[in-house]
Amino acid sequence: AIGAAAAALVSQDDSIIIASGTTMAFLAREIKPVGRLTVITAAVPVTQILSQHADVDVIQLGGITRSSSVSVVGPFAESHCSPLVGGVDGIETAFGLTTTNMLEASLNGAMINAAQKVVVLADSSKFGRRGFSKICDLEAGDRIITDSGVQPLYLERLRERGIEVTVVDV
C-alpha cells in the first residue's frame, strides 16, 4: 500500500531517484509508466523490475554491492542524482532518519542533497527506531508515506515540522 501511494506521485516524463530497500521494490512493482520515465537507482531489484518497461530508462548506479539490501553504495554511486524516493531503517523525531549502514547513509545523504523533493517511504515499524548511521535531519524530508499502524504522536510531530504525511490503510 505504501508503494502504491508513492507510485501515484510519479508523473509523465518524470526523472526520479529510487533508493534501496524492500519498500522500494514494492514501489517499483506499482509504477505504471505513462510516457517516458527516467529512474536513477542503487537498488538492483528496482532495476530488474523497471527495466522490463519499454518506456522506462533505468540508470543503475555502481559501487560496492551490499547483500542485505541488494544495493550499491560508495563514491561511484554518489555521482548522479535527481528527485528522490527513499526508505529508512529508523525515524526518530529528535534524531532524524537513519539506516544500518554507513556507506548507505552517505549515499542517501548525497541523494537528498541533490534532490528537489524528498519522499520517504517507511512502514510504522520504523518509527521510534534508530539505525547505526544517520542519513539526515527529519526536516530534510518533504513527505513521508507510512501505514495506519503508526502512532498518532509521530504523525503530529511530523506535521508540526511541516512534513507532509500520507497514511495508507493496511
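What counts as what
- Residues numbered from 1 in each chain as written.
- Predicted model: local features only at pLDDT ≥ 70, side-chain atom pairs only at ≥ 80, totals over all residues.
- Heavy atoms only, no water.
- Pairing = 2+ DSSP bridges.
- Helix = DSSP H or I, 4+ residues; strand = E, 2+ residues; numbered from the N terminus.
- Axes fitted to C-alpha atoms, helices over the stretch in contact; angles between N-to-C directions.
- Contact = heavy atoms within 4.5 Å.
- Expected span 1.5 Å × (residues − 1).
- Buried < 20%, exposed > 50% of the residue type's maximum accessible area, 1.4 Å probe, protein only.
- Polar contact = N/O pair within 3.5 Å; in protein donor to acceptor, adjacent residues only side chain to side chain.

Participant: Is there a simple way to explain the sheet that holds strand β10 (residues 133–136) in this structure?
Facilitator: Neighbouring strands of a sheet are bound in pairs by backbone hydrogen bonds; such pairs are parallel or else antiparallel. Taken in spatial order, the three strands line up as β7-β8-β10 in an open sheet, and their pairing is antiparallel. Here the strands that pair on one side only, and so sit at the sheet edges, are β7 (90–92) and β10. Strand-to-strand twist in this sheet, taken as the mean axis angle between neighbours without regard to direction, amounts to 35°. Across three bridges, the pairing between β7 and strand β8 (residues 96–99) is antiparallel. Looking at the pairing, E92 lines up with G96 of β8. Helix α4 (residues 102–114) rests against β8 and β10 of the sheet, and its axis sits at about 5° to β10.

Participant: What is the right way to look at α4 in this model?
Facilitator: Quick reminder: α-helices carry 3.6 residues per turn. Residues three or four places apart thus point the same way. The terminal C-alpha atoms of α4 lie 19 Å apart, and with 13 residues this matches the ideal 18 Å at 1.5 Å per residue to within 8%. Those residues of α4 lying buried are E104, A105, L107, N108, G109, M111 and I112. Regarding α4, its N-cap is N101, as a side-chain oxygen of that residue lies 2.9 Å from the backbone nitrogen of L103 further along.

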